[in-house]
Every structure is written in structure tokens, then in C-alpha cells.
Amino acid sequence: MGLLEEAMGLSIYTAYNTNVDAITFLNGEIVQALIEEFGAETVRKRMDDYPREINEPLDFVARLVHALKTGKPMAVPLVNEELHTWFDSHFKYDVERMGGQAGIIANLLANLDFRRVIVYTPHLARKQAEMFVDKPNLFYPVIEDGRLAFKHPREAYREGDPIKVNRIFEFRAGTTFRLGDETIRVPFSGRFIVSARFESIRIYTEPELKRFLPEIGLQVDGAILSGYQGIKLRYSDGKDANHYLREAKKDILLLKREKDVRVHLEFASIQNRELRKKVIYNLFPLVDSVGMDEAEIAHVLNALGYSKLAERIFTYNRIEDTVLGGKILVDEMNLEVLQIHTIYYIMYITHSDNPLSEEELRSSLELATTLAAARASLGDIKSPEDIKVGTRVPYNEYGEFVKLRFEEAKRRLRTREYKVVIIPTRLVRNPVSTVGLGDTISAGAFTSYLAMLRKKGEL
Ligand code: AMP
């Protein structure tokens, strides 16, 4: 509890993405019915095409079955707004809750009783605002009489703002269905996200607020930024990804102008290669910390031109390759810290001059996985007390194997110029929900990292 208490003393700014998650819990029958509707052969063919966007229902079914087969969490953009009626006629939504990394992280840190959590999202419809937890430490920045002020997000909503609804399909390990003559058994619990990508939803800071970012930077101990995957390459009003990324760069520089506030970027899967590359090259060099999962590190390495290494990570999931990839990324983008979370382990890679010791870095990851295990067990973290549930979740069955492989990797690779630490994850066998676990890991890791920096006078 000690490290969490230290982290709770921090004030954090988080932006940009929030949405409403409409969650459906899948079972074998639902999936089977979808396959029957389109025919197994047709579904299989479309799976081979591997559509990067959802334009018609068959794209959805194909990518869903693919995700179920691998058991890997996936998010695919929905670009055809008309499909909402198809989804509404096929699924009923079991739960609606806060979605989007910034929204999830804001609620998490507010529930953990952090000193102050300032959350900014450019679109704040009433329904979206109501998804924020009712906590007195949670604030939304507003401009009143030309001055910066703070309100609870529920008091700051704007009637008429657009609202983004993502459809989330939660699946459980062991779910079984047939695709023609093939029997598919889902290997891991996870979720498939159909993320709405419409014109009206943008990732930016409103111009009136932008000039107050230095003031916000002064008021916080760290910032967690996310949502760049929601940028589109082109908009009908002529704006494009370059425009939004230039603005995103300015935001980071403005936050850091008065005080070099540490910035963590939480990277999410970006299907479009061109956009992925732009986000990496524009933003990684400006931030201090980056978090991502294993599939994403492979994508990032691919974008940087390391296609063979990326391919190896995709195919074999070897720790050694992930460490190598992490070293490359930390070097090329000159990150202070890179955090990679996978189903079986979490890793930090820093340069050897990082102010924290390997022991301290490990304790930060410990806190991260314990928080995620608590969330997976409970569905949500409502108070700092809830972390206790996480401490009772055992490390995954491959824990010892992970440590062994890691020691081997360290011997084979040159790691003297780095600090590389790894811990096995505490894995909940039957998670209530898997949405937001990665965000929980990253928020827990980054804030506890900051807490230890602060203790050393490095913040
Ligand atoms: P992401 O893919 O970014 O949402 O991250 C998911 C992360 O959550 C994984 O890398 C695991 O470390 C963690 N996780 C996934 N499933 C579970 C579970 N059942 N119990 C605890 N942690 C989990």
C-alpha cells in the first residue's frame, strides 16, 4: 500500500479520448448465429482479406472471428455510420460505461483518491459527462471570464456536443463455436472493440483552453495523453492528420513550458500504417514515457523499418525479441522510460542513467499489475482499498518461465546501457471485464514511477 499512498499525493492531467462503451458479453450461440447468417465460407474468405476498417457487417464478423480465434484483444474502426442500425438490431447491450483511455484513467485515479485529477476531452455531451465518477478530486478545465477555472465534468457538459459510442464485445476463454468444419475454442478472455470513427469526433484542445496549458502544466505532477489513434488521415473540411498532430505537438510543448512536467503517452493500436508512423515520429520524441502492449510494439517496430523483428514478435512472442525491440525504441526516440504490458509479463526499459533503481522500477510494475488484477476481479476500482483484492491474485502460471527467459535474454543481449526489468502479471482467471486493464497498468505504472521520482527530488 505504501507506494500507492505516495502516488495518491500526486496531481495528474489526462486528455483526450473519452467515449461511451456499450458492452455485449458474447457466448458461443451469438457467434454461431452470426456465422450462420453470412455462411462459414464467406466469413472465412473475408477473414483472409483481413479488413482494416468496418464498412459492412461482414467485415465485423470476419475480424471478430479472427480475434476470437487468437484470443487477442483488438480494436477495429467503424467508418460507416449507417451500420449502427445493423448493430442495434443484432445485439443488446448489457452495460454502458466510461470508455476511452483518458476517461478510464481519470475515473481510476479519481477513485484512487489522487490529490487532483484534471481531465480534458474536447467533446463533453451530457451523457458522456455522466460517465465520470462523482468525486470531489476530479476536474474539467473551463474558461470563465477569460480565466482558467475548474468544474466537475458533470457540471461542465455542453448540450449538443457529439458523442462517441464504441461497441465492445467481451469474450471468454473456452467459448466454443464452429466455422464450417473447424471447431474454434477461444484461448484467452478479452474484448473486441468496434470503435466509432466519425467526422465530428476530433482529438484536440480547444483554442480558448490551449493558451492555459502552461498553467495546467504548473498545477500537475504529470500528464497522461492518449487517443491519437482517433485521428483520421483526412476530414471533409480539408483538415488532415498533419494538422491535428502539429496541434498535438504544441499541446505537449505548452504543458511543459513553465515546468518540465513528465508526459506519458499511452499508445493504442492504429490500424492505418501511415497514421501510426506519423504518431510515432511526431509525438514520441516529445514525451518522456510511452506505454503499449505487445502487439503494438511489433507494429511500432514495423513502422520504424524493423519488419523482421516485428514479424518475429508477432509470430513467436519471445521475450528476447521484445527486449531488443524495446531497446531500439528507447534509443531511437530517446524515451526516458518505455513500458510494455503483455498478458504474461510487464516490462520497463530505460537508459542506465534513469534515477530509479531496478528494484524501484520493479515495485512500480508490481503496483501496476496488482491494480489491473483488482480491476479484472471487481470490474472496477472504486477506492484505494480495492487494491487488496489484487494482492490476493496469484502470478500467472508462466511466471517462473517468464523470469527464466528474461534472464537468458539479458545474457544474450547487451543490456549494460539500459535498465530492463520484468515482472510476471497477476492474472485473473475469469475477469469480470477486460476493458481498460492496459490503461490501468499504464496509469498505475506511470504514477508510481512519478511518486518515486518525487521522493528522490527528481520531479
Ligand atoms: P491492453 O491490451 O492494452 O488492454 O492490455 C491488457 C493487459 O491487461 C494485458 O497485457 C495484461 O497485462 C492485463 N490483463 C489482461 N487480462 C487480464 C486478467 N484476466 N487479469 C489481470 N490482468 C489482465
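Residues numbered from 1 in each chain as written. Predicted model: local features only at pLDDT ≥ 70, side-chain atom pairs only at ≥ 80, totals over all residues. Heavy atoms only, no water.

Engineer: Just checking my understanding: could you explain the overall build of the protein chain for this structure?
Structural biologist: Looking only at helices and strands, the protein chain features 18 helices and 17 strands. Whereas a compact globule of 459 residues would reach a radius of gyration of roughly 23 Å, the protein chain reaches 21 Å, a difference of no more than 12%. Its C-alpha atoms give the protein chain principal-axis dimensions of roughly 65 × 60 × 45 Å. Long-range contacts, defined here as pairs at least 24 residues apart, represent 75% of the contacts in the protein chain between residues at least 6 apart. (Helix = DSSP H or I, 4+ residues; strand = E, 2+ residues; numbered from the N terminus. Rg over C-alpha atoms; globule rule 2.2 N^0.38 Å. Contact = heavy atoms within 4.5 Å.)

Engineer: Is there a simple way to think about the pairing of strand β7 (residues 147-151) in this case?
Structural biologist: One face of the sheet, then the other: side chains in a regular strand alternate in exactly this way. Bridging between strand β6 (residues 138-144) and β7 involves five bridges; their strand directions are antiparallel. Looking at the pairing, Pro141 lines up with Phe150 of β7. Linking β6 back to β7 in an antiparallel pair, the connection comprises two residues, with Asp145 at a positive phi of about 50 degrees. (Pairing = 2+ DSSP bridges.)

Engineer: What is the right way to read the sheet that holds strand β4 (residues 95-99) from this model?
Structural biologist: Neighbouring strands of a sheet are bound in pairs by backbone hydrogen bonds; such pairs are parallel or else antiparallel. If you trace the five strands from one edge of the open sheet to the other, you get β3-β11-β8-β2-β4, paired in mixed fashion. Only two strands of the sheet have a single neighbouring strand rather than two, namely β3 (74-78) and β4. Adjacent strand axes in the sheet meet at a mean angle of 25 degrees when their direction is disregarded. Bridge count for strand β2 (residues 19-25) against strand β8 (residues 165-171) is six bridges, and the pairing is parallel. Across the sheet, the residue bridging to Phe25 is Glu170, located in β8. (Axes fitted to C-alpha atoms, helices over the stretch in contact; angles between N-to-C directions.)

Engineer: Any chance you could explain the site of the ligand here in plain terms?
Structural biologist: Arg191, Asp293, His341, Thr342 and Val428 are the nearest of the 15 residues found near the ligand. At 3.1 Å, a side-chain N or O of Arg191 approaches an oxygen atom of the ligand. In this structure, Thr342 approaches the ligand through a main-chain N or O atom, which is 2.7 Å from an oxygen atom. Here the ligand loses 90% of its free accessible area of 500 Å² to cover by the protein chains. Examining the composition of the shell around the ligand, we find that three residues originate from one element, helix α18 (residues 437-455), more than from any other. Tallied by class, the residues present in the shell around the ligand amount to eight nonpolar, four polar and three charged. (Near = heavy atom within 4 Å. Polar contact = N/O pair within 3.5 Å; in protein donor to acceptor, adjacent residues only side chain to side chain. Areas by Shrake-Rupley, 256 points an atom, 1.4 Å probe, with all protein chains shown as cover. Nonpolar A, V, L, I, M, F, W, Y, C, P; charged D, E, K, R; others polar.)

Engineer: What am I meant to see in the environment of Ala15 here?
Structural biologist: Counting through the fold element by element, Ala15 comes out in strand β1 (residues 11-16). In this structure, the C-alpha to C-alpha distance between Ala15 and Ser226, residues 211 residues apart in sequence, is 6.3 Å. Beyond its immediate chain neighbours, meaning those up to four positions away, Ala15 contacts Ala102, Tyr120, Ile224, Leu225 and Ser226.

Engineer: What exactly am I supposed to notice about the sheet that holds β1 here?
Structural biologist: Pairing in this open sheet of ten strands is mixed, and the strands run β7-β6-β5-β1-β12-β13-β14-β15-β16-β17 from one edge to the other. Of all strands in the sheet, those bounded by a partner on one side alone are β7 and β17 (418-424). Pairwise comparison of adjacent strand axes, ignoring direction, gives a mean angle of 20 degrees for this sheet. The pairing of strand β15 (residues 337-341) with strand β16 (residues 345-351) spans five bridges and is classified as antiparallel. Within β16, the position partnered with His341 by the bridge is Ile346. Across the face of the sheet, helix α14 (residues 319-332) comes into contact with β14 (289-293), β15, β16 and β17 while running at roughly 35 degrees to β16. This element, helix α17 (residues 399-412), spans β16 and β17 of the sheet and lies at about 165 degrees to β17.

Engineer: Would you mind going over helix α12 (residues 294-303) with me for this structure?
Structural biologist: Turn by turn, an α-helix covers 3.6 residues, leaving residues three or four places apart pointing in a common direction. For α12, the tally of buried residues reaches eight of ten residues, placing the bulk of the element in the interior. Every buried residue of α12 is accounted for by Glu294, Glu296, Ile297, Ala298, His299, Val300, Leu301 and Ala303. Taking the backbone nitrogen of Ala295 as reference, a side-chain oxygen 3.1 Å away marks Asp293 as the first, capping residue of α12. Positive backbone phi, at 100 degrees, marks Gly305, one or two positions downstream of α12. (Buried < 20%, exposed > 50% of the residue type's maximum accessible area, 1.4 Å probe, protein only.)

Engineer: Honestly, a nonpolar patch on the surface in this entry has me stumped. Any pointers?
Structural biologist: Taken together, Phe188, Ile343 and Leu427 make up a surface patch of nonpolar side chains, about 210 Å² in accessible area. For Phe188, a relative accessible area of 30% puts it in the partly exposed group. (Patch = residues over 30% accessible without salt bridge, like charges linked within 9 Å, V, L, I, M, F, W, Y side chains within 5 Å. Salt bridge = Lys/Arg side-chain N within 4 Å of Asp/Glu carboxyl O.)

Engineer: How should I be thinking about the nonpolar core in this particular structure?
Structural biologist: Nonpolar side chains in soluble globular proteins tend to end up buried together. Counting 127 residues, the largest nonpolar core has Tyr13, Tyr228, Phe267, Phe284, Met292 and Leu329 as the members making the most contacts within it. The element best represented in this core is α18, accounting for ten residues. Counting 33 residues, the second largest nonpolar core, distinct from the first, contains Val43, Leu68, Val76 and Phe169. (Core = buried A, V, L, I, M, F, W, Y, C linked by side-chain atoms within 4.5 Å.)

Engineer: Would you mind going over the environment of Ala451 with me for this structure?
Structural biologist: Following the sequence through the fold, Ala451 ends up in helix α18. Each C-alpha atom, one on Ala451 and one on Tyr348, is 16 Å from the other, the two residues being 103 residues apart in sequence. Not counting residues within four places of it along the chain, the set of residues in contact with Ala451 comprises Leu3, Glu6, Ala7 and Leu10.

Function cannot be read off these values alone, since they describe shape.
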